[in-house]
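Topology and contacts: notes
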Amino acid sequence: MDANIQEGIILIPDFNGFTEFVLNTKLYTGEYIVRQLLSILIDVNNRYFEISEIEGDAILFFRYDKNPSFKKISTMLRNMQNAFSRKVAELNEALSISIDLSLKFIVHYGKFSQYKIGNFRKLYGAPVVEAHKLLKNDFAKQPSYALFSNSFLESTESSSNFYTDEEQNLPDVGVIHYFEGIEQHI
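Please read all numbers here as calculations on a predicted model, not as lab measurements.

Rules of the game
Residues numbered from 1 in each chain as written. Predicted model: local features only at pLDDT ≥ 70, side-chain atom pairs only at ≥ 80, totals over all residues. Heavy atoms only, no water. Helix = DSSP H or I, 4+ residues; strand = E, 2+ residues; numbered from the N terminus. Buried < 20%, exposed > 50% of the residue type's maximum accessible area, 1.4 Å probe, protein only. Contact = heavy atoms within 4.5 Å. Polar contact = N/O pair within 3.5 Å; in protein donor to acceptor, adjacent residues only side chain to side chain. Expected span 1.5 Å × (residues − 1). Salt bridge = Lys/Arg side-chain N within 4 Å of Asp/Glu carboxyl O.

Here we take up the environment of P171. Take P171: it is sitting in the loop between β7 (167-170) and β8 (174-178). Classification of P171 as exposed rests on a relative accessible area of 67%. Expressed as a C-alpha distance, the spacing of P171 and S149, which sit 22 residues apart in the sequence, is 9.8 Å.

If you want it as structure tokens, here you go:
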């Protein structure tokens, strides 16, 4: 096996409502808000995942890991979701505006590689493409959720009963866990 090809997790937090937000928010204000929200996600990550790219309203995180922990990843996503919600509330109040953004996560697993172009490290492989395709899903019933792909769930220890929120099982895709009201569970 090529030493550059490894098994790992692809994590993409992405904002729901971003296009409308950009079109309806003043440039400077919108840029400030997006910078604040992306920064909080990076801070909460605490270097557990590496950053491959920041793509507008999404971060392409990855971590090489042959035995990922569902509990650890789920806890991190909850922490990111709660920090995001707190930051949106803080910005709503500080700027006297209504920020209609929510957060979704795609968690996928597989073999991928990295290559360098100048100072940039790019990920390459089917799981990277698949994770981006999962972002464009129309499965979710609510805008704030985490979609754990079957490949991620199959790579980890038992994931049952960790979440107390509503779940939606998608046999050919994975499981969606919704974040509505999640702060009360912490």
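To continue, consider the environment of S69. Within the secondary structure, S69 is located in the loop between β3 (58-64) and α3 (70-95). C-alpha of S69 to C-alpha of I9: the two residues are 60 residues apart in sequence and 10 Å apart in space. Contact partners of S69, with chain neighbours within four places excluded, come to T156 and E157. Here the side chain of S69 touches K72 through a polar contact of 3.0 Å, landing on its backbone nitrogen.

Helix length check: α3 (26 residues) gives 37 Å between terminal C-alpha atoms against 38 Å at 1.5 Å per residue, within 8%. Phi turns positive, to about 55°, at S96, one or two residues after α3.

Now for unusual backbone geometry. For R47, which is not glycine, the phi dihedral falls at a positive 65°. Tracing the chain through its elements places R47 in the loop between α2 (27-45) and β2 (50-55). At S96, a residue that is not glycine, the phi angle is positive and equals roughly 55°. The topology assignment puts S96 in the loop between α3 and β4 (102-117).

Bringing the pattern of salt bridges into the picture now. If you walk through the whole model with that rule in mind, you get six salt bridges. For D14, the salt bridge is made with K104, and the minimal N-O distance between the two is 3.6 Å. Separated by 90 residues along the polypeptide, D14 in strand β1 (residues 6-16) and K104 in strand β4 bring together distant segments of the chain. We classify D14 as buried; its relative accessible area is 9%. Taking the relative accessible area as the measure of exposure, K104 reaches 8% and is therefore buried. As a salt-bridge pair, K87 and E90 come within 3.0 Å of each other at their nearest N and O atoms.

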